[in-house]
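The primary structure of each chain is shown beneath.
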Amino acid sequence: KLPNRARMQAIRSLPMSFSERRNIRLFMVIFLTVLNLLCQHFVRHTLPLKCGSWASVRQRLVIWQDTLKEIGGRFGTSVLSYFQFLKWLLMFNIFSLLINFCFITIPQIVRSPNITHPISFRGLELLTGAGYFNQTVLFYGGYNGEVIKTQPSYNMQLAYLFTIAAYLVLCGVSLIYSMARSFQRNFVLVAGPAYGGAWRLLCSWDFSVINEKAIQHNKDNLSIQLKESLSERLQKKAVVSVSAKLQQISLQLLAWLLSLGLAVGSCTGIYFLELNLNDISDSGNLEEEASTLLVPVVVSLINLVIPLIYALVNKMEHYTNPRTNVYVIILRNVLLKMSILGILCYYWLSDCWESFVGQSVYRLVVVDFIFCLLGSFFTEFLPNIIGTKCFRSLGVPEFDVATNVLNLIYAQTLAWIGIYFSPLLPVIQVVKLFIIFYLKKVSLSMNCQPPKRTGRAAQMQTVYIALLFFPSFVGALSMVAYTVWSLKPSEQCGPFQNLGKPFQVVLDWMKGVQNIPGSEWAWWTFEHVLRNELFFYLITLIVLVAFLAVENFLIALSRKSYIVIIIVIVLSPSPRLMFLCKKLEETSLPEENEAAAPKNN
């Protein structure tokens with residue numbers, strides 16, 4: 001861009017007549033003026049509108065935002081935490097689906113398909129995963145370990161192993177980070193001295209909300225949160241006699257013995273059922289293929305019926321704190337579901353192998369989804385009909401947050417276990433979570449009522465994430481790691497056939513890296529550090545110490561953030577408060593003048 005003087009000199013030096021140079025100068029002045037006005041208009045008017053529209057578009061891309069606000073306003077934070085947790089799991093599975101499909105499935109389909117269909121599609125495969133689906137890219141057996149000849153070459157063995165490993169590592173990091181953030185928001189901040197009824201009432205309102213429906217949702221949500229806080233304070237002040245405490249403790253011990261007995265009996269029954277079943281061959285026999293559904297149906301029946309018995313047992317214990325009540329139900333269901341999965345994993349890794357394990361997990365996911373639909377019908381719809389039409393004394397059922405959350409954790413554990421044996425299993429999980437969200441939303445609105453016993457349930461989100469991390473994620477990661485490091489892969493199918501163990505592909509690759517000049521340090525690090533058991537013990541210790549340090553740091557940071565917020569509120573008067581004070585002065589001046597007028601007369 002030339003300055004004005006240089007531009008005029010350049011125009012004067014043109015080999016043209018005086019009138020032509022004057023026209024060119026006039027045109028340049030008009031052009032630059034119009035351009036300047038357009039730029040100012042764009043910066044002052046168009047750009048803010050564009051930014052606002054972009055922000056609104058980005059806000060609309062956040063799925064289920066209005067629906068979650070409506071649920072929180074009508075049913076409180078406890079029920080809302082279930083739907084937020086479901087949405088969070090959906091993001092996990094969408095990410096897994098994208099990376100698995102891009103880095104594993106597409107190269108296998110496009111370059112070197114390993115698909116044969118000795119059996120025609122009959123429809124039962126949608127439930128069993130066997131038959132037609134047996135050698136498709138849905139399962140481990142549909143992949144091979146060939147190196148795709150491209151520039152650079154694409155090693156399917158490394159892609160398969162590293163993609164799944166990267167996804168599991170990112171899941172672990174995300175879970176740890178989410179636990180820390182949720183702990184800071186829902187435990188550290190809530191435990192602060194300033195966080196009480198007055199803080200909620202005076203400082204928690206969102207003044208940016210102008211929509212009437214959103215305002216009503218915020219009012220309802222704030223009302224329920226105040227009830228939760230007051231309910232916990234009243235429960236802490238309640239005085240219980242010694243005899244009542246002894247009676248309550250004896251009832252709780254009896255309930256725990258009954259719960260543990262049910263869990264042990266269920267695991268024993270599944271173990272003997274697996275032993276008595278024969279391996280199903282791919283002979284095309286429809287009855288044999290249908291018999292593979294027996295174990296998933298029994299497992300899903302146990303997961304549906306036993307939690308109902310736990311809920312009945314829980315009503316006899318009479319816990320005063322609603323959160324303690326929910327924690328007990330969750331702990332019992334975790335013990336039941338994780339014990340069943342442990343028995344199944346032991347059987348799979350002892351007698352079966354990759355594609356069959358993938359099919360078994362697929363069947364469990366599909367049948368669990370069917371029983372989830374049936375569970376909504378029998379535990380929400382039917383009780384609502386009975387309580388409103390037949391026996392009105394029963395009333396409308398409440399939404400069982402603990403059982404529904406445990407069902408989500410159980411389903412996500414299956415997805416993590418099956419990710420190695422069925423790379424496209426997240427497709428089923430994504431569809432399943434979408435349908436469950438809308439099904440539970442409709443059932444919640446039509447069949448359930450807000451919880452009668454309110455308790456501050458915002459902290460439940462942290463508990464859900466912690467249970468998802470341990471034992472769910474840690475158990476699934478341990479099984480996949482044991483499979484990769486210790487078990488011999490199948491010799492007839494899969495990307496790691498003819499190898500001693502799947503991790504051997506990494507050893508072979510590192511040996512190739514060793515031959516590259518200047519990369520001896522990488523081989524030394526891999527051989528003496530990464531393959532050393534002491535290194536992993538040190539990493540575990542460092543993670544534990546870091547977790548404790550981060551926890552203390554978050555506590556200190558939260559206290560400082562509260563001090564800063566209070567200082568800002570005190571030193572920075574709100575425009576709304578100044579407006580109200582001005583209106584108050586305007587209304588009080590006429591009254592003072594009217595009062596002073598008789599005195600002057």
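Residues numbered from 1 in each chain as written. Predicted model: local features only at pLDDT ≥ 70, side-chain atom pairs only at ≥ 80, totals over all residues. Heavy atoms only, no water.

As annotated in an unreviewed UniProt entry, the protein carries the name Transmembrane channel-like protein and comes from Pygocentrus nattereri. According to UniProt, the comment filed for the protein under the heading Subcellular location (unreviewed entry) is "Membrane". (UniProt positions renumbered as here; feature names shortened; annotations may be inferred.)

1. As for the overall build of the protein
Looking only at helices and strands, the protein features 19 helices and two strands. Of all 601 residues assigned to the protein, the portion counted as buried reaches 39%. Long-range pairs, those at least 24 residues apart, make up 77% of the contacts in the protein with a sequence separation of at least 6. Here the protein has roughly 34,100 Å² of accessible surface; of this, 67% comes from carbon and sulfur atoms. (Helix = DSSP H or I, 4+ residues; strand = E, 2+ residues; numbered from the N terminus. Buried < 20%, exposed > 50% of the residue type's maximum accessible area, 1.4 Å probe, protein only. Contact = heavy atoms within 4.5 Å. Areas by Shrake-Rupley, 256 points an atom, 1.4 Å probe, with all protein chains shown as cover.)

2. Observations regarding the nonpolar core
Judged by nonpolar contacts, the single largest core of 103 residues is most densely connected at Tyr 82, Ile 330, Leu 344, Trp 348, Trp 416 and Tyr 420. Take this core: its biggest share by element is 14 residues, from helix 3 (residues 65-110). When residues no more than four places from it in sequence are discounted, the contact partners of Tyr 420 are Tyr 140, Tyr 160, Ile 164, Val 480, Thr 483, Val 484, Phe 496 and Pro 502. (Core = buried A, V, L, I, M, F, W, Y, C linked by side-chain atoms within 4.5 Å.)

3. Observations concerning unusual backbone geometry
Glycine aside, the phi torsion of most residues is negative, and most peptide linkages are trans. The step from Phe 470 to Pro 471 runs through a cis peptide bond, and the omega angle for that step is 15°. Locating Pro 471 in the fold gives a position in helix 15 (residues 460-486). Of note, the phi angle at Asn 498 is positive, near 70°, even though the residue is not glycine. Its location among the elements puts Asn 498 in the loop between helix 15 and helix 16 (504-514). For Asn 498, a relative accessible area of 64% gives the class exposed.

4. As for helix 14 (residues 425-447)
For helix 14, spanning 23 residues, the distance from its first C-alpha to its last is 32 Å, which sits close to the expected 33 Å at 1.5 Å a residue. Every buried residue belonging to helix 14 is among Leu 425, Pro 426, Gln 429, Val 430, Lys 432, Leu 433, Ile 436, Phe 437, Lys 440, Ser 443, Leu 444 and Asn 447, and all of these are buried. Where helix 14 is buried, its residues meet helix 3, helix 12 (354-390) and helix 13 (401-418). (Expected span 1.5 Å × (residues − 1).)

5. Some points on the pattern of salt bridges
Per the stated rule, a full pass over the model turns up three salt bridges. A salt bridge links Glu 317 to Arg 332; the nearest nitrogen and oxygen atoms lie 2.7 Å apart. Of this pair, Glu 317 sits in helix 10 (residues 294-317) while Arg 332 is found in helix 11 (residues 322-351), placing the two residues 15 residues apart along the sequence. For the residue pair Glu 317 and Arg 332, the accessibility class agrees, reading buried in each case. With a closest N to O distance of 3.4 Å, Lys 440 and Glu 380 form a salt bridge. In this pair, Lys 440 sits in helix 14 while Glu 380 sits in helix 12, placing the two residues 60 residues apart along the sequence. The same class applies to Lys 440 as to Glu 380, namely buried. (Salt bridge = Lys/Arg side-chain N within 4 Å of Asp/Glu carboxyl O.)

6. Concerning the packing of aromatic side chains
In this structure the tally under the stated criterion is 29 aromatic pairs. Summarising the aromatic geometry, the rings of Tyr 271 and Phe 272 are spaced 5.6 Å apart at their centres and angled 75° between planes, so their arrangement reads as edge-to-face. Look at Phe 377 and Phe 378: their rings are 5.1 Å apart centre to centre, the planes differ by 85°, and that puts the pair in the edge-to-face class. Residue class for Phe 378 comes out partly exposed when judged on its relative accessible area of 48%. Every member of this aromatic cluster is reached through a ring pair, and the members are Trp 64, Tyr 82, Phe 83, Phe 399, Phe 434, Phe 437 and Tyr 438. (Phe/Tyr/Trp six-rings, centres within 6.5 Å; stacked < 30°, edge-to-face > 60°.)

7. Side note on helix 3
Spanning 46 residues, helix 3 covers only 38 Å between terminal C-alpha atoms, well under the ideal 68 Å at 1.5 Å per step. Maximum bend of helix 3: about 140°, positioned at Gly 76. (Bend = angle between axes of the 7 residues up to and from the residue.)

8. Section: the side chain of Gln 252
In this structure, Gln 252 sits in helix 8 (residues 242-276). On the basis of relative accessibility, which here comes to 17%, the residue Gln 252 falls in the buried class.

9. Considerations on the side chain of Asn 404
In this structure, Asn 404 sits in helix 13. A distance of 2.9 Å separates a polar atom in the side chain of Asn 404 from a polar atom in the side chain of Lys 440. Filtering out sequence-adjacent residues up to four positions away, Asn 404 remains in contact with Tyr 82, Glu 380, Phe 399 and Lys 440. (Polar contact = N/O pair within 3.5 Å; in protein donor to acceptor, adjacent residues only side chain to side chain.)

10. A closer look at empty space enclosed by the protein
This model, assessed by the stated rule, comprises four cavities of 30 Å³ or more. The computed volume of the second largest cavity comes to approximately 60 Å³. Forming the walls of the second largest cavity are Tyr 82, Asp 368, Cys 372, Asn 404, Asn 407, Leu 408, Ala 411, Lys 432 and Ile 436. Contributions of two or more residues to the lining of the second largest cavity are made by helix 12, helix 13 and helix 14. (1 Å grid on protein atoms, 1.4 Å probe; cavity = no way out; pocket = protein on both sides within 12 Å on 5 of 7 lines; lining within 4 Å. Points joined across faces, edges and corners; volume = space filled by probe spheres on them.)

11. Regarding the packing of helix 13 against helix 14
To characterise two packed helices, one gives the angle between the axes of the helices and the distance between these axes. Running from N to C, helix 13 and helix 14 point in directions that differ by 170°, and their axes come no closer than 10 Å. The angle between helix 13 and helix 14 places the two elements in the roughly antiparallel class. Contacts between helix 13 and helix 14 involve Asn 404, Leu 408, Ala 411, Gln 412, Leu 414, Ala 415 and Gly 418 from the first element and Leu 425, Gln 429, Lys 432, Leu 433 and Lys 440 from the second. By residue class, the composition of the contact of helix 13 with helix 14 is six nonpolar, four polar and two charged. (Axes fitted to C-alpha atoms, helices over the stretch in contact; angles between N-to-C directions. Parallel < 35°, antiparallel > 145°, perpendicular 65-115°, else oblique. Nonpolar A, V, L, I, M, F, W, Y, C, P; charged D, E, K, R; others polar.)

12. As for the confidence of the model for the protein
Taken over all residues, the pLDDT of the protein has a mean of 77, while the share at 70 or more is 70%. The secondary-structure element of the protein with the lowest mean pLDDT is helix 6 (residues 197-203), recorded at 59, while helix 14 shows the highest, at 92. (pLDDT = per-residue confidence, 0-100.)

13. Brief notes about the packing of helix 3 against helix 15
With their axes 10 Å apart at the nearest point, helix 3 and helix 15 run at an angle of 40° to one another. As far as their axial angle goes, helix 15 and helix 3 are oblique. As helix 3 runs across helix 15, the sense of the crossing is right-handed. Contacts between helix 3 and helix 15 involve Ser 81, Gln 84, Phe 85, Trp 88 and Leu 89 from the former and Met 460, Gln 461, Tyr 464, Ile 465 and Leu 468 from the latter. Among the residues making up the contact of helix 3 with helix 15, the classes are represented as seven nonpolar, three polar and no charged. (Left-handed = near helix turned anticlockwise from the far one by under 90°.)

14. Quick word on the environment of Asn 325
Note that Asn 325 resides in helix 11. For the pair Asn 325 and Ala 402, spaced 77 residues apart in sequence, the C-alpha to C-alpha distance is 9.3 Å.

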